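Single-letter residue listing:
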Amino acid sequence: MIAAPEIPPEFAYPQDTDTRFSSDTDFSEDLDGRSGTTAKGKGGKKGKKAAGEKGKGGKGAGRINGHHQENGMENMMLFEVVKVGRSAMQSVVDEWIESYKHDRDVALLDLINFFIQCSGCKGVVSGEMFRNMQNSEIIRRMTEEFDEDSGDYPLTIAGPQWKKFKTSFCEFISVLVRQCQYSIIYDEYMMDTVISLLTGLSDSQVRAFRHTSTLAAMKLMTALVNVALNLSINMDNTQRQYEAERNKMVAKRANDRLELLLQKRKELQENQDEIENMMNAIFKGVFVHRYRDSIAEIRAICIEEIGVWMKLYSDAFLNDSYLKYVGWTMHDKQGEVRLKCLTALQGLYHNRELNARLELFTSRFKDRIVSMTLDKEYDVAVQAIKLLTLVLNSTDEVLTPEDCESVYHLVYSAHRPVAIAAGEFLYKKLFSQREPEEEGAPKRRGRQSPNANLIKTTVFFFLESELHEHAAYLVDSLWECGAELLKDWECMISLLLDDPMPGEEALTDRQETALIEIMLCTVRQAAECHPPVGRGTGKRVMTAKEKKTQLDDRTRITELFAVALP
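About the criteria used
- Residues numbered from 1 in each chain as written.
- Predicted model: local features only at pLDDT ≥ 70, side-chain atom pairs only at ≥ 80, totals over all residues.
- Heavy atoms only, no water.
- UniProt positions renumbered as here; feature names shortened; annotations may be inferred.
- Helix = DSSP H or I, 4+ residues; strand = E, 2+ residues; numbered from the N terminus.
- Buried < 20%, exposed > 50% of the residue type's maximum accessible area, 1.4 Å probe, protein only.
- Contact = heavy atoms within 4.5 Å.
- Areas by Shrake-Rupley, 256 points an atom, 1.4 Å probe, with all protein chains shown as cover.
- Phe/Tyr/Trp six-rings, centres within 6.5 Å; stacked < 30°, edge-to-face > 60°.
- Polar contact = N/O pair within 3.5 Å; in protein donor to acceptor, adjacent residues only side chain to side chain.
- Axes fitted to C-alpha atoms, helices over the stretch in contact; angles between N-to-C directions.
- Parallel < 35°, antiparallel > 145°, perpendicular 65-115°, else oblique.
- Nonpolar A, V, L, I, M, F, W, Y, C, P; charged D, E, K, R; others polar.
- pLDDT = per-residue confidence, 0-100.

- For the protein, an unreviewed UniProt entry supplies the name Cohesin subunit SA and the organism Poeciliopsis prolifica.
- In its Function (unreviewed entry) section, the UniProt record describing the protein reads: "Component of cohesin complex, a complex required for the cohesion of sister chromatids after DNA replication. The cohesin complex apparently forms a large proteinaceous ring within which sister chromatids can be trapped. At anaphase, the complex is cleaved and dissociates from chromatin, allowing sister chromatids to segregate."
- The UniProt entry for the protein carries this comment under Sequence similarities (unreviewed entry): "Belongs to the SCC3 family."

So this is what it looks like as structure tokens:
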């Protein structure tokens, strides 16, 4: 591990209006919920250069103009490589790192122009501008040179050559941080400059600048979260090694090893503080302003990434200080943004270990999630039902009977994906508690099988829903998750023909009629292999496996009912 340089008292950025953060900004919440600034620790250590002072008298400062044309070509290559997306990104990044080590100002100028070009701007930041101008002035100059008439920029242009651009662009940022994480990320220059530039661009009136820089900043943050997570794991390991060594008997204890482990822990802590400062700067400087941007696509980027941070590094991010942004955004006017909220939450609820930390959020925003099952956008409704199914898996107590009933009736929806999702919810809630079969005991069949009570439950649910002409829709909704139950025709036949067992209540005529209707629908679904009228999307080509299943089911239906029907 390479030690971080001397830690400065504050995370200084240019004092212009375009950057949302500076050394004297009072941030309401820190990464761990503390109030305070991005300043690190106490003490009178020398503060770092503001990004606006970069390059003055520094290495290579006088050579930038001399290299301007050549630099322009190198930069064009960086943009072109990402645009084409064919080259191995790691080698591209490694070459840039080498050039940075040789002359950091020239390399940083390449990177700045790369972000400007990725926004679709034809302007070029010169070495002189880089040395002498504040970010706000540079961005103002670039804005003047921006051709907004076309309206298109790399992230929005259609066509095969731009197809891979977004993926390559995001990969470049991720690989850049990964390859720098043990060295120049801590040099108090590169990251300061990049974060400061992206923060300024994300506040621009020009949509292309705002969209591109927000995506870059969010992906940069995700990459830093990975670095912070690795540091956290390394710190825990080092602490454990230190404790183990310290607990040894004095004669066996290696004091030089203790010293080394202490030094390593100190270095890791300093690096962690540095990364936290960077993350705070991006979060407060970009996310907090852009998650409510006027452009839905920009809002969606922010919500998608905060979901990633909470899932990746739950110890730091999975708390109400961050969850609230997802909760608020569930009321967004645009479906694509609401959808990102639900998929972000699914990633969290999927992990049962995180459920305890989600309790307060669930109680606060549960009603909103339930109401989203009736969203006008079907995609949103489907994901809302799937999220509630995950909530059901994590705890059975959160959802009230009224909440569950509002999802149950959606099994009769004409929109098949909504109905299938609701069917899975219903199956989890009503049918997941089946009687366990005793080991070694012969398999119980007919009305003694574990499915008997579940089939009765299906009948009772069907009758209670009072939609008696829609049995086919109920069967279709449950088909994907409960086919094994619905194809237990032997049990259904037994419930209709055999006498009830001692202590068992017989089915009423109304219940028997409902069971016959459900049974008929299951036979038709198995034999014909397509959903009922109004739910299909035209004829679908069946796979070889589906054809075999259909053939097997038809044979079984014939064998069972040839005996039972008379």
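**Topic: the overall build of the protein**
Stage number 1. Within the protein one finds 22 helices and 0 strands.
Stage number 2. Across the 566 residues of the protein, 52% fall into the buried class.
Stage number 3. The long-range share in the protein, meaning contacts at least 24 apart out of those at least 6 apart in sequence, stands at 75%.
Stage number 4. Entry remark: accessible area of the protein is about 27800 Å², with carbon and sulfur atoms responsible for 50%.

**A few points about the packing of aromatic side chains**
Stage number 1. Using the criterion set out here, one finds 24 aromatic pairs in the structure.
Stage number 2. An angle of 55° between the planes, with centres 4.8 Å apart, marks the rings of Phe114 and Phe172 as tilted. Taken as a pair, Phe114 in helix α3 (residues 104-118) and Phe172 in helix α6 (residues 165-180) lie far apart in primary sequence, 58 residues in all. A single burial state applies to Phe114 and to Phe172, both of which are buried.
Stage number 3. Plain terms: the ring middles of Phe115 and Phe169 are 6.3 Å apart, the flat faces sit at 85° to each other, and that makes the pair edge-to-face. A residue pair is termed long-range when its members are at least 10 positions apart, and Phe115 in helix α3 and Phe169 in helix α6 qualify at 54 residues.
Stage number 4. A relative accessible area of 0% means that Phe169 is categorised as buried.
Stage number 5. Aromatic ring contacts, followed pair by pair, group Phe283, Phe287, Tyr291, Trp309, Tyr313, Phe317, Tyr322, Tyr325 and Trp328 into a single cluster.

**What about helix α12 (residues 320-329)?**
Stage number 1. Extensive coverage of α12 is indicated by the burial of 7 of its 10 residues.
Stage number 2. Regarding α12, the residues found buried are Ser321, Tyr322, Leu323, Tyr325, Val326, Gly327 and Thr329.
Stage number 3. On the buried face of α12, the contacting elements are α9 (255-290), α10 (296-312), α11 (314-317), α13 (335-349) and α14 (359-371).
Stage number 4. The N-cap residue of α12 is Asn319: its side-chain oxygen and the backbone nitrogen of Ser321 are 3.0 Å apart.

**Topic: the packing of α9 against α10**
Between two packed helices, the angle of one axis relative to the other and the distance separating the axes together describe the packing.
Stage number 1. With their axes 9 Å apart at the nearest point, α9 and α10 run at an angle of 125° to one another. Of the possible angle classes, the one that applies to α9 and α10 is oblique. Contacts between α9 and α10 involve Phe283, Phe287 and Arg290 from the former and Ile298, Arg299, Cys302, Ile303, Ile306 and Trp309 from the latter.

**Thoughts on the packing of helix α18 (residues 451-464) against helix α21 (residues 509-528)**
Stage number 1. Here α18 crosses α21 at 105°, and the two axes come no closer than 9 Å. It follows that α18 is roughly perpendicular to α21 by the angle criterion. Where α18 abuts α21, its residues Ile455, Thr458, Val459, Phe460, Phe462 and Leu463 lie against Arg510, Gln511, Ala514, Leu515, Glu517 and Ile518.
Stage number 2. Across the contact of α18 with α21, the residue classes tally to 8 nonpolar, 2 polar and 2 charged.

**Let's talk about unusual backbone geometry**
Stage number 1. If you check the backbone angles, Glu188 has positive phi at about 60° while not being a glycine.
Stage number 2. Residue position: Glu188 is located in the loop between α6 and α7 (190-201).
Stage number 3. A relative accessible area of 18% places Glu188 in the buried class.
Stage number 4. Located in the positive-phi region is Cys529, a residue other than glycine, with phi close to 60°.
Stage number 5. Mapped onto the elements of the fold, Cys529 is located in the loop between α21 and α22 (544-564).
Stage number 6. In this structure Cys529 comes out as partly exposed when scored by relative accessible area, which is 32%.

**So, the confidence of the model for the protein**
Should pLDDT be low for a region, the predicted coordinates there are not to be read in detail.
Stage number 1. For the protein, per-residue confidence averages 81 on the pLDDT scale, and 82% of positions sit at 70 or higher.
Stage number 2. Predicted confidence is poor over residues 1-76, with pLDDT under 50, and the contacts of this stretch with residues over four places away or in other chains come to 171 contacts.

**A word on the environment of Ser168**
Stage number 1. Summarising the element assignment, Ser168 is placed in helix α6.
Stage number 2. Within the structure, Ser168 has its side chain in polar contact with the backbone oxygen of Val82 (distance 3.4 Å).

**What about the side chain of Arg210?**
Stage number 1. Residue position: Arg210 is located in helix α8 (residues 207-246).
Stage number 2. Given the relative accessible area of 9%, Arg210 is considered buried.
Stage number 3. Within polar-contact distance, the side chain of Arg210 engages the backbone oxygen of Gln205 at 3.5 Å.
Stage number 4. If we ignore the near neighbours within four places in the chain, the residues touching Arg210 are Leu201, Ser202, Asp203, Ser204, Gln205, Arg290, Asp293, Ser294, Ile295 and Ile298.

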